[in-house]
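Coordinate inspection notes
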Amino acid sequence: MSAQYFKIKKPEAWTESLDNSKVIEQIQEFNFDQESSHYNYHDYYHILNTTYYTNNTKKSEYTLRAFPLNKITSNSRKSVVNILFDEHQTYTLHQISILRDGKLIDKIADSKIIVSPLSNGTSGRIIFGEFTIQPRLKKYNFNEQKFINITIDNSFPNDVLIVEISRSSLKENNSLKDDSLKYMWVNPDIWYYFSTKTKFTFINDSDKTIVYKKFFFKDEQQNIIESEIKHLEKGEKFVLEKNNILTKDKMRSVSVIRDPKELSFIDFSNNTWLELSNHISLMYAEIEKTFSLSESAPDLLKEINRINNKEEKLQFVIEYVQNQIAYISCKEIMSDYPQSPCETIKKKYGDSKAKSLLLKVLLNHIKVDASVIFINADLQKKMTALRGPSFNYFPYEYFPSIDANLKHFLPSLFIFDQAIVKINYKGTSYFINPTLEDEYGLIENRGDCLFYNYLEIKYGQEELQNKNPTKISYCCKDVKTEFIVKNNRGRLRQTTIYKGYLANEMRRYLKKEKDRISIISSLRYEMVSTFGYERPHEATIKDTTFEILSDNKKENKLIVEFNGTVINPYYQNKRFLLKPSPYLIIDLHKNQIETMDNKFLLFNCFNQKHEISLFTDQKIDLEKFKEVTHTFNHKYFNIMIQEKIYRKGITLHLDYLKKINDIEISKNDLEEYTLAIQPVIDIINNFTL
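Counting starts from 1 at the beginning of each chain's written sequence and moves along it residue by residue. At least 70 in pLDDT is required for a residue's local features to be given in this predicted model, at least 80 for side-chain atom pairs to be given and counted, and no such filter applies to totals for whole chains, interfaces and linings, which use all residues. In computing side-chain properties, one takes all heavy atoms of the structure into account and sets aside hydrogens as well as water.

**Structural notes on the sheet that holds strand β16 (residues 265-269)**
Pairing is antiparallel across the open sheet formed by 4 strands, whose spatial order is β11-β16-β13-β14. Edge positions in the sheet fall to β11 (182-186) and β14 (229-232), since each has one partner strand and no second. Strand-to-strand twist across the sheet, computed as the mean angle between neighbouring axes with direction ignored, equals 25°. Whether two strands pair depends on DSSP finding at least two bridges between them. We count a stretch as a helix when DSSP gives it H or I for four or more residues in a row; a strand needs E for two or more, and each element gets its number in order from the N terminus. As paired strands, strand β13 (residues 210-215) and β14 are joined by 4 bridges and run antiparallel to one another. Within the sheet, the bridge partner assigned to V211 lies in β14 and is H231. To get an axis, a line is fitted to the C-alpha atoms, and for a helix only the part in contact is used. The angle between two axes follows their N-to-C directions and goes from 0 to 180 degrees.

In structure tokens, the structure reads:
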């Protein structure tokens, strides 16, 4: 491995490393190898010592860990460990040892060290692995992530492997990226961690004040202690020592932590929102000054000027950036210098920062107020302090949403993973994601972005902003299903009108032939479920077709139709069973996100209409025909369910209007809301005729 990234030497004084006798004492204090062997389907370990150190020139982290080798076979006699590799950091190996029969055996000479993706056939546990922030539209390819792979020869079952390592990143050019610090210490997860004595130290030897905040720590009565912000000045340090031995009895009663309030952590930062927003806004302003549309893209300027209607001009500019400029998905760091609009137009590609900045300057050119904003686009993710560095794994998947909880974390650009554009037009704020393709429609028909907290790139922003609750006036999904039976043969037709973001999503989905086949299969299944057939959907519905009837990209409205034929459509004695799919209405119990302060976000509920009609050439066997209507009016929704029974048919209507989206409510409000929506769900789930 290149000496540029990796070296072997003794730990520095700031690490406060343990001598060999202390290491042996702490491991032997708890019969680690024997206890962990009872649970050999997990990779348990000790974290003996962790130290984070920062000064004016570098940021470093040191860790000392111990691992049982109860998985080693007598045939291979090798143990393999992996460390996440980042080319922006340098790694220093201080110790690789084996504890055997009470003695430490140096294994550096018996170790082979390479850098390789997991896909190259390397194996073994990932002892210092964590996921980095990934852009919203790029699937994280774990197998292609590079790791430092360490293979230790002559290892035996019941050995204990000792690994002592540190990594550092230098502060270069006095940039905000290098100067910013974001670090999180997390109470070790019992799913992987046998706890004995562990010590964590944070040392501030820099000129900047470090701010830290504890989350979900408990007092002796197991009550959560209220979080408060504290400071570390130059020369000060924070020390936390824990001594909680996890026994076999405790392991049997605990599986894995899923409630975030059971996972205590400490957030460290050295920035304020005002400092960050001022720095970034000045950086972007300087880049904007260098842009001239007439010089960079004269042909584009002519196309824009040919459009007289302001709404259509706005639509053209948005769709140019979304559909004509390719999105390059990469590991974006929001503090990085963005690509200039001139370069983006010339290269015809850019990341989210580049595309957002280009869209902003084009919108400003046509006299539309717009600004770049930073968001956290993923509702669930794992995150580390990029180039922080951090061996410490912060399991964000335990939080239902990072975005919903951003305001609780200390200021840092590392908690954002995407740039989008905020547009203020005719008294309404719209949010456009320029990285998406196949997005169409006038500004009011384009749909909405799913997020709640954001940092606007404007000078003087002292805190994060919340997206105002949104209201969608139009129906996003209008479905009409018709089943006509005549002469023992049924004809199925389902016509669906998609509008707004659902039209955009469906267009993207229909671009691939395999997705069209998948749609036909899913619609078959839905129809079989709706009309109560228990036989396979492929054998029940024949001669299926699926086609696009119309596509209005100005109104952003897409109309599609599914057709099929059902042979022998009746049950015995010419009976039908009509049982609408429960998917007719969104399960609102799942459309809410809990925040760290016991509030909830209601989100992503769209207006929809459904109509299911069944007509036969036989008289329906009921004493009398009827019309029944159920209405449910609430401050957050209006719902109407209506059933009409005719002499030879039945029609079921469902209209669902969501009055407001993306609103933060209290726990009591959520409980009341859930009670109000439950009768609707019960009617749909229990409706059978």
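**Quick word on the pairing of strand β20 (residues 418-425)**
Successive residues of a regular strand alternate their side chains across the two faces of the sheet. Of all 8 residues that make up β20, 7 are buried, and the element is covered over most of its length. As paired strands, strand β19 (residues 369-375) and β20 are joined by 7 bridges and run antiparallel to one another. Counterpart to F374 in the pairing with β20 is A419. As paired strands, β20 and strand β21 (residues 428-432) are joined by 5 bridges and run antiparallel to one another. Within β21, the position partnered with K422 by the bridge is F431. In this structure, the hairpin formed by β20 and β21 is closed by a connection of 2 residues, where K426 is found at a positive phi of approximately 55°. Partly exposed residues are those whose accessible area sits between 20% and 50% of the maximum for their type, while under 20% is buried and over 50% is exposed, using a 1.4 Å probe and protein chains only.

**Focus on the nonpolar core**
Grouped together as the largest cluster of nonpolar side chains are 30 residues, with contacts concentrated most on F483, F531 and F546. Residue assignment for this core shows that the elements contributing at least two residues are β24 (477-486), β25 (489-499), α11 (501-509), α12 (513-530), β26 (541-552), β27 (557-567) and β30 (608-615). Among the elements that line this core, the one with the most residues is α12, at 5 residues. The set of buried Ala, Val, Leu, Ile, Met, Phe, Trp, Tyr and Cys residues whose side-chain atoms join them within 4.5 Å is what this entry labels a nonpolar core. Of all hydrophobic cores here, the second largest spans 27 residues; its members include F291, L293, V317 and I432.

**Some points on the pairing of strand β31 (residues 627-633)**
Bridge analysis of β31 against strand β32 (residues 637-645) gives 7 bridges, and the strand direction is antiparallel. In the sheet register, N633 faces β32, and the bridge partner there is N638. What sits between β31 and β32 in their antiparallel hairpin is a turn of 3 residues.

**Some details on the side chain of D267**
Among the structural elements, D267 can be located in strand β16. Polar contacts, as used here, are pairs of N or O atoms within 3.5 Å; protein pairs need one atom able to donate a hydrogen and one able to accept it. Residues neighboring in sequence count only if both atoms are side-chain atoms. Side-chain polar atoms of D267 contact the side chain of K182, separated by 2.8 Å. Only 2.7 Å separates the side chain of D267 from the backbone nitrogen of L410, close enough to count as a polar contact. Contacts are residue-level and defined by heavy atoms, with any inter-residue pair within 4.5 Å sufficient. Those residues within four positions of D267 in sequence are excluded, and the remaining contacts are K182, Y183, M184, V211, Y212, K213, F215, F409 and L410.

**Quick notes on the pattern of salt bridges**
It is possible for side chains bearing opposite charge to pair when their charged atoms get close. For this document, the term salt bridge refers to a Lys or Arg side-chain nitrogen within 4 Å of an Asp or Glu carboxyl oxygen. Applying the stated rule across the entire model yields 25 salt bridges. In this structure, E16 and K199 form a salt bridge, with 3.4 Å as the shortest nitrogen-oxygen distance. Within this pair, whereas E16 is found in the loop between β1 (6-8) and α1 (20-29), its partner K199 is found in strand β12 (residues 197-205), the two being separated by 183 residues in sequence. Between D110 and K107 there is a salt bridge, with its nearest N and O atoms 3.0 Å apart. Look at D110 and you get partly exposed, because its relative accessible area is 27%.

**Structural notes on the side chain of E319**
Among the secondary structure elements, E319 is positioned in helix α8 (residues 310-324). Judged by its relative accessible area of 15%, E319 is buried. Of note is the side chain of E319, whose polar atom sits 3.2 Å from the backbone nitrogen of G441. Every residue in contact with E319, bar those within four places of it in the chain, is listed here: Q324, E439, Y440, G441 and R446.

**What to know about the sheet that holds β20**
Pairing between the strands of a sheet is mediated by backbone hydrogen bonds and can be parallel or antiparallel. The sheet built from 5 strands is open, its strands ordered β21-β20-β19-β22-β23 with antiparallel pairing. Of all strands in the sheet, those with a lone pairing partner are β21 and β23 (465-466), marking the two edges. With respect to the sheet, helix α10 (residues 352-365) is in contact with β19, β20 and β21, its orientation differing from that of β20 by roughly 15°.

**A short note on the environment of K619**
Along the chain, K619 falls in the loop between β30 and β31. In this structure K619 comes out as exposed when scored by relative accessible area, which is 55%. C-alpha of K619 to C-alpha of G649: the two residues are 30 residues apart in sequence and 8.0 Å apart in space.

**Examining the packing of helix α5 (residues 273-289) against α10**
Viewed as axis vectors pointing N to C, α5 and α10 meet at an angle of 60°, and their least axial separation amounts to 11 Å. Overall, the two elements α5 and α10 adopt an arrangement that is oblique. In this structure, α5 crosses over α10, and the sense of that crossing is right-handed. Between α5, through Y284, I287 and E288, and α10, the contact on the second element is made entirely by K353, L357, K360, V361 and N364. We call Asp, Glu, Lys and Arg charged. Ala, Val, Leu, Ile, Met, Phe, Trp, Tyr, Cys and Pro are nonpolar, and the rest, Gly among them, are polar. Across the contact of α5 with α10, the residue classes break down as 4 nonpolar, 1 polar and 3 charged. An angle below 35 degrees is treated as roughly parallel, one above 145 as roughly antiparallel, one from 65 to 115 as roughly perpendicular, and anything else as oblique. Crossings are classed by handedness, with left-handed meaning an anticlockwise turn of the near helix from the far one by less than a right angle and right-handed meaning a clockwise turn.

**Considering the confidence of the model for the chain**
pLDDT is a per-residue confidence score from the predictor, ranging from 0 to 100. Per-residue pLDDT for the chain averages 79, and the proportion of residues at 70 or more is 76%. Looking over the chain, one finds the lowest element-wise mean pLDDT in helix α4 (residues 248-253), namely 40, and the highest in α10, namely 96. Taken as a whole, residues 127-143 scores under 50 in pLDDT and shows 66 contacts with residues more than four places along the chain or in a different chain. Within the model, pLDDT remains below 50 along residues 247-258, and this stretch shows 22 contacts once partners closer than five positions in the same chain are excluded.

**Comments concerning unusual backbone geometry**
Positioned with a positive phi, D101 is a non-glycine residue whose angle comes to about 55°. The topology assignment puts D101 in the loop between β5 (90-100) and β6 (103-106). At F216, a residue that is not glycine, the phi angle is positive and equals roughly 65°. For F216, the position within the fold is in the loop between β13 and β14.

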